[in-house]
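# Structure at a glance
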Amino acid sequence: MSIPSGPTRCCRPVGGKSVTVGVLALQGNVSEHIDAFAAVFRQRGCGEASSVIEVRSPADLSGCAALAIPGGESTTISRLIDKNGLYEPIRTFPGGIFATCAGMVLMATHVADPRVHTLGLMDMTVDRNAFGRQRESFEADIPVAGLNGGPFHAIFIRAPVVTSAGSGVRVLAALDQGIVAVEKGRHMALAFHPELGGDLRLHERFLRNLGI
């Protein structure tokens, strides 16, 4: 994995403490996000001042400056969030959330599936599995607003799309089917899997936006 060449800097400790990024480890692409964030920290040369951990309980989340909600099965992740007592701790989490694929579904305010207990952290409506089944998975080079270094090579696997974005939600990228990347304040949500392609620019941008 790599970040395009350019100036790098070490992580700035948050509140004078070392930086911890958590990855929700209930289901989905957990190890891939751990590897991606760890790679960003290594390339900044700040491995000693940072760590990436698995989050399975409210206690795990309490020391994190940021949380990744990985892709997987949104109905399963939603059920396990509730089962593990994580719904309210995530909904009120003061750090930033980096949500991909199923994570984007969970961040929404509106999803047409009663099995998904959405977090409601981004004012948007999301269509689950908007591109069809697994065999309709695809890759595409997409421009992302404000991202230097050219288009991002995005991997879509049973991906959702945002069909409408409300107040405070900044659209970063879209395809004909709908919106595939958004930001709101400290949060970022992506319909695709940036942890799989080796391009760490979005992980880096997310941390930078948090002042990390």
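For the structure, see preceding data.
Keep in mind that this is a model prediction, so the values were computed, not measured.

### Points about the packing of helix α1 (residues 30-44) against helix α6 (residues 201-209)
Where α1 meets α6, the closest approach of the two axes is 10 Å, and the angle between their N-to-C directions is 70°. The pairing of α1 with α6 is recorded here as roughly perpendicular in orientation. When the axes of α1 and α6 are compared, the crossing they make is right-handed. Residues His33, Ala36, Phe37, Val40, Phe41 and Arg44 of α1 touch α6, and the partners they reach there are His203, Glu204, Phe206, Leu207 and Arg208.

### Focus: the packing of aromatic side chains
Considering all chains together, one arrives at six aromatic pairs under this definition. Plain terms: the ring middles of Phe37 and Phe98 are 5.6 Å apart, the flat faces sit at 75° to each other, and that makes the pair edge-to-face. Of this pair, Phe37 sits in helix α1 while Phe98 sits in strand β4 (residues 96-100); the two residues are 61 residues apart in sequence, bridging distant segments of the chain. Exposure remark for Phe37: the relative accessible area of 0% places this residue in the buried category.

### Quick word on unusual backbone geometry
Even without glycine at this site, Cys101 takes up a positive phi of about 50°. The residue Cys101 is located in the loop between β4 and α5 (102-107) in this model.

### Thoughts on the side chain of Asp113
Locating Asp113 in the fold gives a position in the loop between β5 (110-111) and β6 (124-127). A polar contact is formed between the side chain of Asp113 and the side chain of Arg115, at a distance of 2.8 Å. Contacts of Asp113, omitting those with residues within four sequence positions, involve Thr75 and Arg128.

### As for the pattern of salt bridges
Under the defined criterion, the tally for this structure stands at 10 salt bridges. Put simply, Asp113 and Arg128 hold a salt bridge, and the shortest N to O gap is 2.9 Å. In this pair, Asp113 is assigned in the loop between β5 and β6 and Arg128 in the loop between β6 and β7 (138-142), connecting sequence segments 15 residues apart. Of the two residues, Asp113 and Arg128, neither departs from the other in class, the shared state being buried. Ionic pairing is found between Arg170 and Glu183, a salt bridge with its closest N-O pair at 3.6 Å. Highlighted residues: Arg170 in strand β10 (residues 170-175) and Glu183 in strand β11 (residues 178-184), separated in sequence by 13 residues.

The rules behind these values
- Residues numbered from 1 in each chain as written.
- Predicted model: local features only at pLDDT ≥ 70, side-chain atom pairs only at ≥ 80, totals over all residues.
- Heavy atoms only, no water.
- Axes fitted to C-alpha atoms, helices over the stretch in contact; angles between N-to-C directions.
- Helix = DSSP H or I, 4+ residues; strand = E, 2+ residues; numbered from the N terminus.
- Parallel < 35°, antiparallel > 145°, perpendicular 65-115°, else oblique.
- Left-handed = near helix turned anticlockwise from the far one by under 90°.
- Contact = heavy atoms within 4.5 Å.
- Phe/Tyr/Trp six-rings, centres within 6.5 Å; stacked < 30°, edge-to-face > 60°.
- Buried < 20%, exposed > 50% of the residue type's maximum accessible area, 1.4 Å probe, protein only.
- Polar contact = N/O pair within 3.5 Å; in protein donor to acceptor, adjacent residues only side chain to side chain.
- Salt bridge = Lys/Arg side-chain N within 4 Å of Asp/Glu carboxyl O.

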